[in-house]
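Each chain, written out:
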Amino acid sequence: SIGQESFAAYGKVNYELGKGMSLEAGARAELVEASLDRVKAPNPAFGIPAVVLKENRHEGYFSPTAGASYQVNENLTAFVRSGLGIKPHGYSAFSDDPATASFEDERNWSNEIGLQFRNEESRMNAVVRAFWNEIEDYQLNAQNPRSTDFVVVNADEVRSRGMEAELQWRPIEPLLLHGTAGYTDVQFEDYTDAFTGADRAGNAVPFIPEFTASAGFRYDLAGGFFVGSSVRATLDTYYDAANTEAFSEAGCWVWDAQVGYEQENWSVTVFGRNLLDEGYYTFMNPQIAAGAPGDPQLFGVRVDLDIW
């Protein structure tokens, strides 16, 4: 069994300097206690001894943030933010080795700068941001090559940088358009494979797509009827720290659609997901050369009722 308890206090203040300039500052204080209690019975036939692991550890964390924004004009705002984010320490469920049963906290110095455009008259909201993160003791899901088990290990240094964009626009009252796009370059700066001893510096961090995007619309018809559709896409995802080509997803795009009827407190929706039955993987296990496929083509009916 694995247990974790956390107690946190956090807050943020914002101060208007005038002339469109404002400052913000925040902090989070957290106390985390994690415990592990594992007993593994011996198997003399295979030379496997009994294992008893009982550990308990508590730590305190403090995460400050700061930022500033400047209103360039009535519709355009520039912003910059920086802060320290912490993922607490913990234990892996499937390790009977004391060396890999526990993992340390992850510390992420995150920075972003961007622009937000908001126009009430044209009913448009758009955000573009660039980010840069320096991460110490990155918590990585790694596979033990001597089993099919995954454990969490710490990669000494990881760097993540990229750009993101979001758009919501209602060109006419019944039509809502929305879209997102993101590019992420995330690499190991310093990481020696916890099991093989291989140097992975310069490799892409697994499980994170290099590119993601989505676009869609919803159109509200007279009388409560509506129709909508969206597409989502990803490119270039690795599923192991070695960046093995056989265990990577080159990319996919998925088309969804829905049509329905909506009233104040209830709605009925007929939907279709992955309409073109795109085949893709959402996870791969290099140890057994197998993977988990994405959702297949699916059709259904959903009923929502608000009784309060």
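The preceding data block contains the structure.
Residues numbered from 1 in each chain as written. Predicted model: local features only at pLDDT ≥ 70, side-chain atom pairs only at ≥ 80, totals over all residues. Heavy atoms only, no water.

S.K.: Sorry, what's going on with the packing of aromatic side chains here?
M.R.: The geometry of an aromatic ring pair is captured by the separation of the ring centres together with the interplanar angle, meaning the angle of the planes. Per the counting criterion, the structure on display carries seven aromatic pairs. Considering the side-chain rings of Phe-225 and Tyr-261, the 4.8 Å spacing of their centres and the 55 degrees angle between planes classify their relative orientation as tilted. With Phe-225 in strand S12 (residues 225–238) and Tyr-261 in strand S13 (residues 248–262), this residue pair connects regions lying 36 residues apart in the sequence. Look at Tyr-261 and you get partly exposed, because its relative accessible area is 24%. Members of the aromatic cluster, each reached through a chain of ring pairs, are Phe-150, Phe-207, Tyr-239 and Phe-283. Sitting over the face of the ring of Phe-226, Arg-218 holds its NZ or CZ atom 4.1 Å from the ring centroid. (Phe/Tyr/Trp six-rings, centres within 6.5 Å; stacked < 30°, edge-to-face > 60°. Helix = DSSP H or I, 4+ residues; strand = E, 2+ residues; numbered from the N terminus. Buried < 20%, exposed > 50% of the residue type's maximum accessible area, 1.4 Å probe, protein only. Lys NZ or Arg CZ within 6 Å of the ring centre and 35° of its normal.)

S.K.: Please clarify how the nonpolar core should be interpreted in this entry.
M.R.: In globular proteins that are soluble, nonpolar side chains generally tend to be buried together. Core analysis: the largest hydrophobic core is formed by 14 residues, its most contacted members being Tyr-138, Val-158, Phe-188 and Tyr-191. Sequence-distant contacts of Tyr-138, that is, excluding residues within four places in its chain, are made with Glu-106, Val-153, Asn-154, Ala-155, Val-158, Val-205 and Ile-208. Core analysis: the second largest hydrophobic core is formed by six residues, Ala-34, Leu-36, Leu-53 and Ala-101 among them. (Core = buried A, V, L, I, M, F, W, Y, C linked by side-chain atoms within 4.5 Å. Contact = heavy atoms within 4.5 Å.)

S.K.: Sorry, what's going on with a nonpolar patch on the surface here?
M.R.: A grouping of Val-231, Trp-253, Trp-255 and Leu-276 is seen on the molecular surface, where their side chains present a nonpolar patch of about 380 Å² in accessible area. As for its placement among the helices and strands, Trp-255 is situated in strand S13. (Patch = residues over 30% accessible without salt bridge, like charges linked within 9 Å, V, L, I, M, F, W, Y side chains within 5 Å. Areas by Shrake-Rupley, 256 points an atom, 1.4 Å probe, with all protein chains shown as cover. Salt bridge = Lys/Arg side-chain N within 4 Å of Asp/Glu carboxyl O.)

S.K.: Explain the pairing of strand S4 (residues 76–87) to me, please; I cannot follow it from the model alone.
M.R.: Looking down a regular strand, the side chains alternate between one sheet face and the other. Looking at chain direction, strand S3 (residues 51–71) and S4 are connected through seven bridges and run antiparallel. Bridge pairing in S4 places Thr-65 opposite Gly-83. Linking two consecutive strands that pair antiparallel, namely S3 and S4, is a turn of four residues. In this structure, S4 lies alongside strand S7 (residues 106–119), joined through 12 bridges in antiparallel fashion. For Thr-77, the partnering residue across the bridge sits in S7 and is Gln-116. (Pairing = 2+ DSSP bridges.)

S.K.: Honestly, the pattern of salt bridges in this entry has me stumped. Any pointers?
M.R.: Pairs can form between side chains of opposite charge once their charged atoms are near each other. One pass over the full model with this rule turns up 19 salt bridges. In this structure, Arg-123 engages Glu-173 in a salt bridge whose closest nitrogen and oxygen atoms are separated by 2.6 Å. Here Arg-123, found in the loop between S7 and strand S8 (124–143), pairs with Glu-173, found in the loop between strand S9 (150–172) and strand S10 (175–190); they are 50 residues apart in sequence, far enough to count as distant. You can call Glu-173 exposed: its relative accessible area is 51%. Glu-166 is the salt-bridge partner of Arg-129, the closest N and O atoms lying 3.2 Å from each other. Of this pair, Arg-129 sits in strand S8 while Glu-166 sits in strand S9; the two residues are 37 residues apart in sequence, bridging distant segments of the chain. Judged by its relative accessible area of 31%, Glu-166 is partly exposed. When salt bridges with common partners are traced through the structure, they connect Glu-24, Arg-81, Glu-112, Arg-129, Glu-164 and Glu-166 into a single cluster.

S.K.: Explanation requested: a negative patch on the surface in the structure shown.
M.R.: Residues Glu-136, Asp-156, Glu-157, Asp-190 and Asp-199 make up a contiguous surface patch of negative charge. Inspection of the secondary structure assignment puts Glu-136 in strand S8. (Lys, Arg positive; Asp, Glu negative; His and termini not counted. Charge placed at Lys NZ, Arg CZ, Asp CG, Glu CD.)

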